[in-house]
Amino acid sequence: ERQQQADGSMPRNSLPNGKLAPDSFNTQLDECAYPLIMALAVGLTDNGYYKAHIAPAANYVASHGPAFGPERWEEQSGFSPSTIAAEIAGLLAAADIADRHRDVASAAIFRGTADEFQRSIKGWTVTTNGPLEPRPYFIRLSRNGDPNADTVYNVGNGGPDLDQRRVIDAGFLELVRLGMF
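The following paragraphs examine the structure supplied in this document. Remember, it's a predicted structure, so these values are computed and weren't measured experimentally.

Here's the deal with the nonpolar core
Okay, step 1: Grouped together as the largest cluster of nonpolar side chains are 37 residues, with contacts concentrated most on Tyr50, Ile54, Ile84, Leu91 and Phe110.
Okay, step 2: Every element with two or more residues in this core is listed here: helix 1 (29-42), helix 2 (47-64), helix 3 (81-100) and helix 4 (104-125).
Okay, step 3: Setting aside chain neighbours within four positions, we find Ile54 in contact with Leu36, Ala39, Leu44, Tyr49, Ala94 and Ile97.

Quick notes on helix 4
Owing to its 3.6 residues per turn, the α-helix aligns residues three or four sequence positions apart on the same side.
Okay, step 1: In a regular helix each residue adds 1.5 Å, so 22 residues correspond to 32 Å; helix 4 covers 31 Å between its end C-alpha atoms and thus fits that length.
Okay, step 2: The sharpest bend along helix 4 comes to roughly 40°, located at Arg119.
Okay, step 3: Looking at helix 4, one finds that the buried residues are Ser106, Ala107, Phe110, Thr113, Ala114, Phe117, Ser120, Ile121, Trp124 and Thr125.
Okay, step 4: Looking at the packing, one finds that the buried side of helix 4 touches helix 2, helix 3, strand 1 (126-127), strand 2 (137-138) and helix 5 (173-177).

Description of the layout of surface pockets
Okay, step 1: A volume near 350 Å³ is recorded for the largest pocket.
Okay, step 2: Surrounding the largest pocket, 22 residues form its lining, Glu1, Gln3, Met10, Pro35 and Met38 being those nearest its centre.
Okay, step 3: Elements with a minimum of two residues in the lining of the largest pocket: helix 1 and helix 2.
Okay, step 4: Per-element accounting of the lining of the largest pocket gives the leading share, eight residues, to helix 1.
Okay, step 5: Classifying every residue of the lining of the largest pocket gives 13 nonpolar, five polar and four charged.

A look at unusual backbone geometry
The phi angle of most residues is negative, glycine excepted, and most peptide bonds adopt the trans form.
Okay, step 1: Following Gly65, the chain continues into Pro66 via a peptide bond in cis, with omega recorded as 5°.
Okay, step 2: With respect to the element layout, Pro66 can be found in the loop between helix 2 and helix 3.
Okay, step 3: In this model, Arg102 sits at a positive phi of 55°, which is unusual for a non-glycine residue.
Okay, step 4: Tracing the backbone through its elements, the reader meets Arg102 in the loop between helix 3 and helix 4.
Okay, step 5: You will see that Asn157, though not glycine, has its phi angle at about 55°, which is positive.
Okay, step 6: With respect to the helices and strands, the residue Asn157 is situated in the loop between strand 3 (152-154) and strand 4 (161-163).
Okay, step 7: Classification of Asn157 by relative accessible area gives exposed; the value is 73%.

Conventions used here
Residues numbered from 1 in each chain as written. Predicted model: local features only at pLDDT ≥ 70, side-chain atom pairs only at ≥ 80, totals over all residues. Heavy atoms only, no water. Core = buried A, V, L, I, M, F, W, Y, C linked by side-chain atoms within 4.5 Å. Buried < 20%, exposed > 50% of the residue type's maximum accessible area, 1.4 Å probe, protein only. Helix = DSSP H or I, 4+ residues; strand = E, 2+ residues; numbered from the N terminus. Contact = heavy atoms within 4.5 Å. Expected span 1.5 Å × (residues − 1). Bend = angle between axes of the 7 residues up to and from the residue. 1 Å grid on protein atoms, 1.4 Å probe; cavity = no way out; pocket = protein on both sides within 12 Å on 5 of 7 lines; lining within 4 Å. Points joined across faces, edges and corners; volume = space filled by probe spheres on them. Nonpolar A, V, L, I, M, F, W, Y, C, P; charged D, E, K, R; others polar.

Listed below in structure tokens is the structure:
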């Protein structure tokens with residue numbers, strides 16, 4: 001109730017009073033989507049809360065996803081399996097809450113966007129020509145939605161510049177944890 005911004009997003013960092021922290025920069029879509037999952041899980045679903053918080057956050061995720069701002073490691077922008085998993089689950093949670101309030105149009109948008117992200121995620125984040133394995137595998141991040149491109153980026157935190165197909169992590173497991181696969 002205190003952290004959410006006027007556009008429906010959630011800040012990367014907040015002060016204890018809920019105000020935007022001075023070191024908060026950019027917006028991470030997973031940090032906008034996880035509160036939607038949590039709201040459904042803990043029952044913050046009444047009509048007033050839906051209109052004031054859930055719908056604006058879900059609209060932000062739907063209109064800015066799948067790739068906007070830095071991904072969960074806060075270093076790169078692009079198509080991240082971990083972030084997109086949170087977006088899908090958050091949008092589905094918001095659709096369920098919208099259904100409870102007979103907001104059929106919003107539920108359809110949230111669900112349709114989540115379905116599109118789920119149908120497209122492998123095309124955005126699974127390389128079929130990566131140098132680490134002859135079989136397809138998830139990469140940590142596809143800078144432009146083409147996981148087969150030999151795009152080089154700096155991994156951040158003093159790390160090296162690497163071909164995106166060489167950067168992997170366990171973030172794709174969020175797809176399983178959040179029920180996508």
